[in-house]
Amino acid sequence: IGGRTSTRVTRDGPRYQFDHGAQYIGTPKTEQFRAALEGWRRKGHAAEWTGRFVTVDGGAVRTEGGDSKKERYVGSPGMHS
């Protein structure tokens, strides 16, 4: 996985957690990587990310959904090593 992975947790008030850097793992491109990802999922180290994705283009905001929805996975409990 290219890029940097990191998770931040707020200190005050309600505790929020967010990933930055490499926010998610995209669709596996090889069967070998898909098998590794499935192993991580079984062990609880990764999970499918079902968050809402939007694109902002000028003044237009489009929400991803339907046939355009892509596979995305995240580290569990966060994107850190």
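One can find the structure itself at the top, above this paragraph.
Counting from 1, residues in each chain are numbered in the order their sequence is written. In view of the model being predicted, local features appear only for residues whose pLDDT reaches at least 70, and side-chain atom pairs are presented and counted only at 80 or more, with totals across whole chains, interfaces and linings using the full set of residues. The basis for every side-chain value is the complete set of heavy atoms in the structure, and neither hydrogens nor water enter the calculation.

J.: Kindly report on the overall build of the protein chain, identifying the contributing residues and their values.
T.: Within the protein chain, the regular secondary structure consists of one helix and six strands. Only DSSP runs of H or I covering at least 4 residues are called helices, and only runs of E covering at least 2 are called strands; the numbering of each starts at the N terminus. In sequence order, the secondary structure elements of the protein chain are arranged as β-β-α-β-β-β-β. The buried share of the protein chain, taken over its 81 residues, is 19%. Should any heavy atoms of two residues lie within 4.5 Å, those residues are counted as being in contact. Sequence separation of at least 24 residues holds for 54% of the intrachain contacts in the protein chain that already meet a minimum separation of 6. Of the accessible surface of the protein chain, which amounts to about 6300 Å², a share of 49% is contributed by carbon and sulfur atoms. Relative accessibility thresholds used throughout: buried, under 20% of the residue-type maximum; exposed, over 50%; partly exposed, between the two (1.4 Å probe, protein chains only). Each accessible area is a Shrake-Rupley estimate made with a 1.4 Å probe; only the visible protein chains count as cover when residues are assessed.

Without other data, these values stay purely geometric and don't point to any function.
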